[in-house]
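# What the coordinates show
Single-letter residue listing:
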Amino acid sequence: MNRLLHSAFSQTVELLPDELVDAASMTLLEVDVLSAKGGLSRIRKTGSPGGWTFDTAALNAHVRARGAFQKDHVVVLTVMRGGDASICGVPLDDGMILVLPDGAEITASIRNAVVYSASVLPVDTWAGIVDVATGGAEPAIIEQAHALRQSPEAFALMAKSLTSAIASFDRQEDAGTEMPGPYIDYLGAVASSTAGPDEFHRRLSRSSHHRQKQAWLAEELIHAKLHEPLSVMGICREVRVSRRQLEYAFQTTFGIGPREYLRLLRLNESRRQLKSGRAGSRTVTDIAMGVGITHLSRFAQSYRTLFGETPLQTLRGGGN
């Protein structure tokens, strides 16, 4: 009954309860089916074999599972619906984040429908994301298993970030080893949450002027690398600030977050180039891709919303 649906960058499996030994990437599980109730579970697996993986799963079963994931890796789990399940003895609540460190044994009990997203990451990769996202995390964030129950507001923001991450895989054209920027940003948001608000409040600068300087420095970086696949986490790494600091800096200085700022900057730069390219041979696609835009249909819609005309109209001289 195991059905496998392939795409260039990922695979989706549909599994009966007794086939859930394949439910998690880079994990060897032993599964006991505890009830005949339930139907097919659906798991989408994406990533770089042996490096990192990202699973989105909707499990529909009553099972007990035991096992372990690949050595020198951590598991980062975001729970959308807990469904009377537990992992490593921790009851899963809606909106929970659960991090399992290298060497942790996996035990799981599932009784009803569970929806989650799980990342299996090399320890060094996760440590680097935590360091950038938090401005220097406590070792426990990397070395100890821990769970965080989020507020409804924080959960809504996390769900939005997760949706962007999943969409980024839909746009990925090949199965290279690089993580899409929105996925890195999602992991950064998870890392920020696990550090806890007290830690952030202690580390964040309260100086508006200092935030402006951070935003301006990031803005210079964005301009310099506009044509590259730049993520918010990449900006944090270059500017040497935490994700939360950068968000505060951009909101203070520009009234929008860094991701929205980057998107708008690319739209504006494309408009400048479309206008200057009227007498040349460049196409809308050439110009869009030259400023780091890869989703052309979304680009055209966003462009028209912002400027009141299509990119092609601008290129042909129909705009102001």
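Refer to the structure printed above.
Residues numbered from 1 in each chain as written. Predicted model: local features only at pLDDT ≥ 70, side-chain atom pairs only at ≥ 80, totals over all residues. Heavy atoms only, no water.

## Observations regarding the overall build of the protein chain
Looking only at helices and strands, the protein chain features 12 helices and 13 strands. Within the protein chain, the proportion of its 320 residues that are buried is 48%. (Helix = DSSP H or I, 4+ residues; strand = E, 2+ residues; numbered from the N terminus. Buried < 20%, exposed > 50% of the residue type's maximum accessible area, 1.4 Å probe, protein only.)

## As for the sheet that holds strand 9 (residues 90–91)
Two orientations exist for strands paired in a sheet by backbone hydrogen bonds: parallel and antiparallel. The strand order 3-6-11-8-9 describes an open sheet built from 5 strands, whose pairing is antiparallel. Of all strands in the sheet, those bounded by a partner on one side alone are strand 3 (27–33) and strand 9. In the sheet, strand 3 pairs with strand 6 (residues 63–69) via 7 bridges, with the strands oriented antiparallel. Each residue of the ladder has a partner; that of Val33, found in strand 6, is Val63. (Pairing = 2+ DSSP bridges.)

## Regarding the nonpolar core
Counting 53 residues, the largest nonpolar core has Leu121, Trp126, Tyr183, Tyr186, Ile222, Ile235 and Leu246 as the members making the most contacts within it. Counting residues per element, this core draws most heavily on helix 4 (residues 181–195), which supplies 7 residues. What Ile235 contacts, discounting residues up to four positions off in sequence, is Ala218, Leu221, Ile222, Leu230 and Leu246. (Core = buried A, V, L, I, M, F, W, Y, C linked by side-chain atoms within 4.5 Å. Contact = heavy atoms within 4.5 Å.)

## A word on the pairing of strand 12 (residues 114–122)
Within strand 12, 7 of the 9 residues are buried, leaving the element largely enclosed by the surrounding structure. As paired elements, strand 5 (residues 52–59) and strand 12 share 7 bridges and run antiparallel to each other. From the neighbouring strand, Thr56 faces strand 12, where its bridge partner is Ser117. As paired strands, strand 7 (residues 73–81) and strand 12 are joined by 8 bridges and run antiparallel to one another. What sits directly across from Val74, in strand 12, is Leu121.

## Section: the pattern of salt bridges
Under the defined criterion, the tally for this structure stands at 7 salt bridges. Between Arg149 and Asp93 there is a salt bridge; the shortest N-O distance is 2.5 Å. Separated by 56 residues along the polypeptide, Arg149 in strand 13 (residues 146–149) and Asp93 in the loop between strand 9 and strand 10 (96–100) bring together distant segments of the chain. Looking at Arg149, the relative accessible area reads 48%, which means it is partly exposed. Between Arg263 and Glu260 there is a salt bridge; the shortest N-O distance is 2.9 Å. With a gap of 3 residues between them, Arg263 and Glu260 both fall in helix 9 (residues 258–276), about one helical turn apart. Its relative accessible area of 31% is what places Glu260 among the partly exposed residues. (Salt bridge = Lys/Arg side-chain N within 4 Å of Asp/Glu carboxyl O.)

## A word on the side chain of Ser161
By secondary structure assignment, the location of Ser161 is in helix 3 (residues 152–171). Once you skip the residues sitting within four places of it in the chain, Ser161 turns out to touch Asp185, Tyr186 and Ala189.

## Brief notes about the packing of aromatic side chains
In total, this model carries 10 aromatic pairs according to the counting rule given. Between Phe54 and Tyr183 the ring centres are 4.9 Å apart and the planes differ by 50°, which places this aromatic pair in the tilted class. Highlighted residues: Phe54 in strand 5 and Tyr183 in helix 4, separated in sequence by 129 residues. The pair formed by Phe54 and Tyr183 is uniform in burial state, with each residue classed as buried. Both rings, one in Phe250 and one in Tyr261, keep their centres 5.4 Å apart while their planes meet at 70°; by these two values the pair is edge-to-face. Separated by 11 residues along the polypeptide, Phe250 in helix 8 (residues 243–254) and Tyr261 in helix 9 bring together distant segments of the chain. Across the pair, Tyr261 and Phe250 agree in class, each one buried. The structure contains a cluster of three or more aromatic residues connected by ring pairs, namely Trp52, Phe54, Phe169, Tyr183 and Tyr186. Positioned above the aromatic ring of Phe307, the side-chain terminus of Arg271 is 4.6 Å from the ring centre. (Phe/Tyr/Trp six-rings, centres within 6.5 Å; stacked < 30°, edge-to-face > 60°. Lys NZ or Arg CZ within 6 Å of the ring centre and 35° of its normal.)

## Overview of the environment of Glu30
Secondary-structure assignment places Glu30 in strand 3. Here Glu30 falls in the partly exposed class, since its relative accessible area comes to 47%. The sequence separation of Glu30 and Leu20 amounts to 10 residues, and the corresponding C-alpha distance is 8.5 Å. Setting aside its immediate chain neighbours within four residues, Glu30 contacts Arg64, Ala65 and Arg66.

## Quick notes on unusual backbone geometry
Of note in this structure, Met26 is not a glycine but carries a positive phi near 55°. We classify Met26 as buried; its relative accessible area is 18%. A positive phi angle, close to 65°, is found at Asp72, a residue other than glycine. With respect to the secondary-structure elements, Asp72 resides in the loop between strand 6 and strand 7.

## Re the packing of helix 1 (residues 123–134) against helix 7 (residues 232–239)
Across the interface, helix 1 lies against helix 7 with an axial gap of 9 Å and an inter-helix angle of 75°. As far as their axial angle goes, helix 7 and helix 1 are roughly perpendicular. Contact residues: helix 1 offers Ile129, Val132 and Ala133, while helix 7 offers Met233, Cys236 and Arg237. For the contact of helix 1 with helix 7, a count of residues per class yields 5 nonpolar, no polar and 1 charged. (Axes fitted to C-alpha atoms, helices over the stretch in contact; angles between N-to-C directions. Parallel < 35°, antiparallel > 145°, perpendicular 65-115°, else oblique. Nonpolar A, V, L, I, M, F, W, Y, C, P; charged D, E, K, R; others polar.)

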